[in-house]
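Residue strings, one per chain:
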Amino acid sequence: MCQLLNVQKVRLRQKKLADAANDYAWRVDPELSSLDAAPALVCSFEEYLKIYAEELNHPLRGQCRFAIETLDGEHIGNCGYFDIDEGEGEAELGIMIGERAYWDKGYGADAVITLLNHNFATTKLKRIYLKTLDWNIRAQKCFEKCGFTPCREVIVKGYRFLIMEIRSPDPSISPRI
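Residues numbered from 1 in each chain as written. Predicted model: local features only at pLDDT ≥ 70, side-chain atom pairs only at ≥ 80, totals over all residues. Heavy atoms only, no water.

Draft legend 1. Region of the structure containing the side chain of Arg11. Mapping Arg11 onto the fold places it in strand β2 (residues 10-14). In this structure the side chain of Arg11 is engaged in a polar contact, spanning 3.0 Å, whose partner is the backbone oxygen of Leu71. (Helix = DSSP H or I, 4+ residues; strand = E, 2+ residues; numbered from the N terminus. Polar contact = N/O pair within 3.5 Å; in protein donor to acceptor, adjacent residues only side chain to side chain.)

Listed below in structure tokens is the structure:
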């Protein structure tokens, strides 16, 4: 079960129905969608809310999703793990800071480090990877700051992505995160 986490700037918590309005606003935003190489959402909020509630009540297997909030409780984004493969000991990380006022201020890095520390302390996952668009230098710098290293490039649906990864630190060595 996913649980409440926090480091210095953010707290990660379970998603809740009250997050739907922010999540919808971020998903219909063309600029934010382009950062995920996805089209902006076009359904109504009412349609989105039905799907959102269903996902909260019946989470998909192989995922662990969190809301990112500031220490004073403002919901500013989302993060989580996807495609969790316990057999291979790996999962894909995803993050989005939807509130632009929090961009380039360390909130994303703090959320990623919080998520990684939680993962490596409480699961058997040994490798976390992510995909970021090859032109998204700001995201790449954030992930490098968190300890990710570039692995390779891939093209998916016409988009060029950089795959980055981080591996669980050796328990006999002081943590690097």
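Draft legend 2. Broad picture of the pairing of strand β5 (residues 90-97). In terms of residue burial, β5 counts as a mostly covered element, since six of its eight residues are buried. Relative to β5, strand β4 (residues 75-85) runs antiparallel, the two sharing seven bridges. Bridge pairing in β5 places Phe82 opposite Glu92. Linkage of β4 to β5, two consecutive antiparallel strands, is achieved through a turn of four residues, within which Gly89 is found at a positive phi near 70°. (Buried < 20%, exposed > 50% of the residue type's maximum accessible area, 1.4 Å probe, protein only. Pairing = 2+ DSSP bridges.)

Draft legend 3. Layout of the state of the cysteines. A complete count under the given rule lists zero disulfides for this structure. Cys146 takes part in no disulfide bond, and the closest cysteine sulfur to it belongs to Cys142, at a distance of 4.5 Å. Owing to a relative accessible area of 5%, Cys146 belongs among the buried residues under this scheme. (Disulfide = S-S within 2.5 Å.)

Draft legend 4. Spotlight on the packing of helix α1 (residues 20-28) against helix α3 (residues 45-57). Close contact between α1 and α3 brings their axes to 10 Å; oriented N to C, the two are set at 120°. Classed by the angle they form, the pair α1 and α3 counts as oblique. When the axes of α1 and α3 are compared, the crossing they make is right-handed. Across the interface between the two elements, Ala20, Ala21, Asp23, Tyr24 and Arg27 of α1 pack against Phe45, Tyr48, Leu49 and Tyr52 of α3. Classifying every residue of the contact of α1 with α3 by side-chain character gives seven nonpolar, no polar and two charged. (Axes fitted to C-alpha atoms, helices over the stretch in contact; angles between N-to-C directions. Parallel < 35°, antiparallel > 145°, perpendicular 65-115°, else oblique. Left-handed = near helix turned anticlockwise from the far one by under 90°. Contact = heavy atoms within 4.5 Å. Nonpolar A, V, L, I, M, F, W, Y, C, P; charged D, E, K, R; others polar.)

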